[in-house]
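Structural overview for review
Listed below are the residues making up each chain.
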Amino acid sequence: MRTCTALQEETIITAIRKTATAVGCTAVLLTAAAACGTVQNLTAGQKVDHAVSRIGEQKSLAFQLDLDADAAAIDTLAGEGGADESLPPEFAEFVSGLRVDVSVKSRKALADSGEKDLVGTSMRITGTGGVLVEYRIIGDFMYYRTDMKAIGRAMGVPMPAADDLPPSQKELKKVLEGDWVKVNTKELERAGKAAGGGSKGAAGGEVDAKTQKKVLDAVRGVIGHKVTFRTKGGAGGVEHVVATGNVRDLLTAVFDKLRPLEGDLPAGAELPSAKDLKDAPNRKAAVDFTLKNGDLRQIRVDLAVLADSPQKAELPLVLKFSKAGDVSAPAGATEIPVDKVPGSSPLGTAFLGGGF
């Protein structure tokens, strides 16, 4: 018999999966930024294409991602499968207050930058009560901190107290207390390769330039035929370009083009099957690109159109762009030895997976 906690975890995982699927669908439409479009859409599509190119010419970038929706709208989308899959009220409220901030700084233009060119990278997830998770990559170290108590309250899953840890895991006490910790990423990578014996697919989880071009060309070709662009007037140098396409048709066509390249993609990057794609929403979704003086400032899409729920609700996903501020190593971080980082823990997921 499953415990109440196990049922809550399953509900949360299902909700996250549904939301991730919707975001994934949206991401394909966002790729329209790199497409020129058909002849009648050339001007509108190129405006977005040029704006994205200008981002690649910069040496720093910051973007902010959040859902511009209340808990009721989020619960409507996540609970489309019935009462058994509805979100706990606390978790819906938790998600409604989430915001993700990412900053990247490089020595070169971002479009030409490799991992060695990056000066610093950071990701921060905040909620209504403050920072929930944050990590930074500076030099050979990844820095990490989290508010485990706040996450536990939102998910309805009790988190261990620092004093409950056995002596063998004393290094993790700082994590439970919400302090900064750090680990040597090169040593961690070596340890991971030694334990796993390497993996097939693109080395180090990266895609080589030749494969990147093949992927981009495939996506551009599909979007050029499946997505339409139109411009909306604005004032003060602000202009909107709206890209519209049928989600199922677009996803199916894109993944059909990518399937021959699957062997060149990183290990674990499995493409959805044709059966999976039949469950994708068979309706149109629109992505609104906000440009100011030719620069891309914001991308907005209503995820509610991807839900099967008969109830009407708006669930705007908003992505805002700006230049990155200071990305530096936090003072006083406690170093955790590589052999003390548990791979199955949130900390291990952050360090080994490069994020949260």
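Residues numbered from 1 in each chain as written. Predicted model: local features only at pLDDT ≥ 70, side-chain atom pairs only at ≥ 80, totals over all residues. Heavy atoms only, no water.

1. So, the overall build of the protein chain
Our working rule: Put simply, DSSP marks the helices as runs of H or I at least four residues long and the strands as runs of E at least two long, and each gets a number from the N terminus on. Residues are treated as being in contact if the distance between any of their heavy atoms lies within 4.5 Å. To be clear on the numbers: accessible area is Shrake-Rupley with a 1.4 Å probe, and residue cover counts the displayed protein chains and nothing else.
Scanning the protein chain for helices and strands turns up 11 helices and 12 strands. Taking as baseline every contact in the protein chain between residues at least 6 positions apart, the subset at least 24 positions apart corresponds to 66%. Of the roughly 19400 Å² of accessible surface on the protein chain, 52% is carried by carbon and sulfur atoms.

2. What about the environment of Val52?
Where we set the bar: For every residue, the accessible area obtained with a 1.4 Å probe (protein chains only) is divided by the maximum for its type, and the residue is called buried under 20%, exposed over 50%, and partly exposed between those limits.
Note that Val52 resides in helix α2 (residues 42-56). Judged by relative accessible area, which is 30%, Val52 ranks as partly exposed.

3. Brief notes about the nonpolar core
Short version of the rule: Within this scheme, the nonpolar core is defined by two criteria: the residues are buried Ala, Val, Leu, Ile, Met, Phe, Trp, Tyr or Cys, and they are joined through side-chain atoms within 4.5 Å.
Core analysis: the largest hydrophobic core is formed by 68 residues, its most contacted members being Phe289 and Leu296. Tallying contributions element by element places helix α9 (residues 247-258) first for this core, with seven residues.

4. Observations concerning the pattern of salt bridges
Selection criterion: By definition here, a salt bridge exists when the distance from a side-chain nitrogen of Lys or Arg to a carboxyl oxygen of Asp or Glu is within 4 Å.
Summed over the entire model, instances satisfying the criterion amount to 11 salt bridges. For Arg99, the salt bridge is made with Asp101, and the minimal N-O distance between the two is 2.8 Å. Residue classification places Arg99 among the partly exposed positions, given a relative accessible area of 29%. The exposure class of Asp101 is buried, given its relative accessible area of 12%.

5. Considerations on α9
To keep it simple, the criterion reads: For a helix, the expected span equals 1.5 Å multiplied by the number of residues minus one. Counted as a polar contact is a pair of N or O atoms within 3.5 Å, where, for protein atoms, one must be capable of donating a hydrogen and the other of accepting one, and residues adjacent in sequence contribute only when both atoms are in side chains.
The end-to-end C-alpha distance of α9 is 16 Å, a good match for the 16 Å that 12 residues give at a rise of 1.5 Å each. What α9 keeps buried is the set Val247, Leu250, Leu251, Ala253, Val254, Phe255 and Leu258. Of the residues flanking the start of α9, the one acting as N-cap is Asn246, its side-chain oxygen 3.1 Å from the backbone nitrogen of Arg248.

6. Structural notes on the side chain of Thr126
For Thr126, the location among the structural elements is in strand β3 (residues 118-127). A residue is classified by how much of its surface remains accessible, and Thr126, at 12% relative accessible area, is buried. Ignoring anything within four residues of it in the chain, the contact list for Thr126 reads Gly97, Leu98, Arg99, Val131 and Leu132.

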